Amino acid sequence: MANSHYKDVIKYFSKKAAKYDLVDEQMYWRLSDELLAKIAQVKLIKPFLGKKELKILDAGAGTGRWSLILYDFSKKNPKLHFDLVDITKEMLAEADRKIKKKKLTDIMETRLGNIENLSDYPNNYYNLAISFYNVLSFLEKPDRALKEIFRKLKRGGLYASIVANKYHSYFFTILNNRVDELAVIKSGKTRYTSEMPLIHCFTPNEISRLYQKSGFKKVEVIGLPNFVYPNIEDTKIEGQSRQNKNLLENKKNFQKILATEFRECFNRDIAGRGN
């Protein structure tokens, strides 16, 4: 049975599932996604191009958005397989619908589960694992999930996650006049709207140490986006800030900012600015 924390997490995402992919229409998230896709293509997929097989674990898959994006980058691989795990059945139902629509049921499998326990999946099996957009932050014990995922990876495998950034959380909380919550962030928790449960936030050094304690030998911390920030409207599925909308709807602006974000995101000095 799910404890109170996970009941809150499941309730939060089950309400959002049907409309979750509408974030594609928000300009801030479109920038963030295009930046992440460029990074993933270079850092995650390129190392495995030309290999005989590519097995990917999407740990916290949600609606399957990122498995489908990674599929587009890797579909020429002769032996390709995705396992998608998520704790919310409504989110996985959306993933199943899209997988069936794209006729990828022979390549992608979904399963309901908590990634703190991946005992149903084989050890030393996956080339790549991902947990995108705050999956680790929403967990009760992210260190347990990291150790589980490490065991599932083959030697030389890669794992990429996106987590809430403690430094950015301070900025966002002050920006939105929720000053009373600053003390909570100091203790390592944050939330972007009043309806969401508190989630873990990390500094670049904190998330790096957590990875290393879980067995990962080489850890690279990347911030994204670093120079365009969301406002409170951008945290809502069917809303976006007028400032970001006006800025990024201009295609030339969008491409110039995207190029700048991509060029600078690999600089560890600024990793504390973005996710």
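See the structure shown above.
A few words now on the packing of aromatic side chains. Within the structure shown, the criterion is met by 16 aromatic pairs. Ring centres of Phe13 and Phe138 lie 4.9 Å apart, and the angle between their planes is 70°; this geometry places the pair in the edge-to-face category. Placement of the pair is Phe13 in helix H1 (residues 4-16) and Phe138 in helix H5 (residues 135-138), with a sequence separation of 125 residues. Each member of the pair, Phe13 together with Phe138, is buried. Each member of the aromatic cluster is reached from another via a ring pair, and the members are Tyr28, Trp29, Trp66, Phe132 and Tyr133. One Lys or Arg, Lys38, reaches over the ring of Phe262 and ends 4.5 Å from the middle of that ring. Stacked on the ring of Tyr121, the Lys or Arg Arg111 has its end atom at 4.8 Å from the ring centre.

The subject of this paragraph is the side chain of Asn165. Residue placement: Asn165 occurs in strand S6 (residues 164-165). Apart from the residues within four sequence positions on either side, Asn165 is in contact with Tyr192, Cys201, Phe202, Ala271, Gly272, Arg273, Gly274 and Asn275.

A side chain of one charge can pair with a side chain of the opposite charge when the charged atoms of the two come close. According to the stated counting rule, one finds 18 salt bridges in the structure shown. Here Arg65 makes a salt bridge to Asp21, at a shortest N to O gap of 3.5 Å. Residue Arg65 is found in helix H3 (residues 65-74), and its partner Asp21 is found in the loop between H1 and helix H2 (27-45); the two are separated by 44 residues along the sequence. With a shortest N-O distance of 3.4 Å, Glu181 and Arg178 are connected by a salt bridge. One exposure class covers both Glu181 and Arg178, and it is buried.

Okay, the side chain of Thr173 next. Within the secondary structure, Thr173 is located in helix H7 (residues 166-175). The class of Thr173 is buried, set by a relative accessible area of 1%. Apart from residues no more than four positions distant in its own chain, Thr173 is found in contact with Arg178, Val179, Glu181, Leu182 and Ile185.

Thresholds, definitions, all that
Residues numbered from 1 in each chain as written. Predicted model: local features only at pLDDT ≥ 70, side-chain atom pairs only at ≥ 80, totals over all residues. Heavy atoms only, no water. Phe/Tyr/Trp six-rings, centres within 6.5 Å; stacked < 30°, edge-to-face > 60°. Helix = DSSP H or I, 4+ residues; strand = E, 2+ residues; numbered from the N terminus. Buried < 20%, exposed > 50% of the residue type's maximum accessible area, 1.4 Å probe, protein only. Lys NZ or Arg CZ within 6 Å of the ring centre and 35° of its normal. Contact = heavy atoms within 4.5 Å. Salt bridge = Lys/Arg side-chain N within 4 Å of Asp/Glu carboxyl O.

By themselves, these are just geometric observations and shouldn't be taken as functional.
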